[in-house]
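Remarks on the overall topology
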Amino acid sequence: MRSATGGAEEPGTVAAPPDTSARARILEAAVLRFARSGFGASVRAVATDAGVSPALVIHHFGSKDKLHEACDEHVLAWIAKSKRENMGKATGGRLLEVLAQADEFAPLVGYVLRSMQAGGAVGKSFVEHMIDDAEKYTAEAVEQGLAKPSLDERARVRYLVYSSLGSLLLSVTMNPPDDPEDVNTAVRAFMDDLYLPMLELFTEGFLTTRRMLDDYLLYVGDPPPGAGEDEPAA
């Protein structure tokens, strides 16, 4: 990665957006600081990272809570954009390119983890926004023939978001990096350990018949339309 000034960036930094204004630098620094240190990080720490005064942070965002909200919006927008781009890359034979960007994505993934750990209204809202966005780009993937349709798309998307965030959070909790601020190591370890079985499960499937699904649908009072119409029970 290259910095806005043309020099090489250190691993774990967030690539500078086209907007190199003070506000953009503060937002970028805040996402990384919150990812590394949690939401207890001070405005002064964010200001120091951004190379500005605490007063300028407040001038642009009004308060630490407002800065946190702006970071949420920034990361949610990144998630929606990168998921669309990377689903196409992965299914187009460019999976290695996606995996090579793990260090670039790590701070933003770290921010998601902090939001999960913080819990409360902010954490719940963050996850619900992720589910809303995931429903949109999953629908696009189905339309493009990259993913199979679901009997209940909203429920499938919720499961995928819960399982991906939950497995990442559990991985970091069970195998924390030596340096709590080293988000990259935690994300890289998760990818190294779990990407192969995850992709195999999504691509090849797990069960050899649909018997369990059909048995379940027998006990559902109002099964989804079309359930069981395309394939006979094994």
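In case you missed it, the structure is sitting above this.
First, a word on scope: everything that follows refers to the structure included in this document. All figures in this text were calculated on a predicted structure; none of them were measured in a lab. (Residues numbered from 1 in each chain as written. Predicted model: local features only at pLDDT ≥ 70, side-chain atom pairs only at ≥ 80, totals over all residues. Heavy atoms only, no water.)

Remarks on the overall build of the chain
Going by this rule: Helix and strand definitions follow DSSP, with helices as H or I runs of at least four residues and strands as E runs of at least two, each counted in order from the N terminus. Any two residues having at least one pair of non-hydrogen atoms within 4.5 Å are treated as being in contact. Areas reported as accessible are Shrake-Rupley estimates using a 1.4 Å probe. Residue values count occlusion only from the protein chains shown.
When you go through the chain residue by residue, the secondary structure sums to ten helices and zero strands. Along the chain, from the amino end to the carboxyl end, the secondary structure elements read α-α-α-α-α-α-α-α-α-α. In the chain, the proportion of contacts linking residues at least 24 apart, taken out of those at least 6 apart, comes to 60%. Accessible surface, the chain: about 14100 Å² in total, of which carbon and sulfur atoms supply 57%.

Side note on the pattern of salt bridges
To keep it simple, the criterion reads: The term salt bridge refers to a pairing of a side-chain nitrogen on Lys or Arg with a carboxyl oxygen on Asp or Glu at a separation within 4 Å.
Applying the stated rule across the entire model yields eight salt bridges. With a shortest N-O distance of 3.0 Å, Glu153 and Arg156 are connected by a salt bridge. Linking Glu153 with Arg156, this pair stays in helix H8 (residues 153-174), spanning three residues, or about one helical turn. Asp214 is paired through a salt bridge with Arg210; the nearest N and O atoms lie 2.8 Å apart. Look at the salt bridges and you will find they share partners, linking Glu128, Asp132, Glu135, Arg154 and Arg158 into a network.

Description of the packing of aromatic side chains
Our working definition: By convention, a stacked pair of Phe, Tyr or Trp rings (six-membered ring in the case of Trp) has centres within 6.5 Å and planes under 30 degrees apart, an edge-to-face pair has planes over 60 apart, and any other such pair is tilted. Accessibility here uses a 1.4 Å probe with only protein chains present; expressed as a share of the type maximum, an area under 20% marks a residue as buried, one over 50% as exposed, and anything in between as partly exposed.
Applying the stated criterion across every chain yields a total of two aromatic pairs. An angle of 85 degrees between the planes, with centres 5.3 Å apart, marks the rings of Phe39 and Tyr111 as edge-to-face. Of this pair, Phe39 sits in the loop between helix H1 (22-37) and helix H2 (43-50) while Tyr111 sits in helix H6 (residues 102-118), placing them 72 residues apart in sequence. Neither residue differs from the other here; Phe39 and Tyr111 are each classed as buried. Every member of this aromatic cluster is reached through a ring pair, and the members are Phe34, Phe39 and Tyr111.

Coordinates in, geometry out; function isn't part of it.
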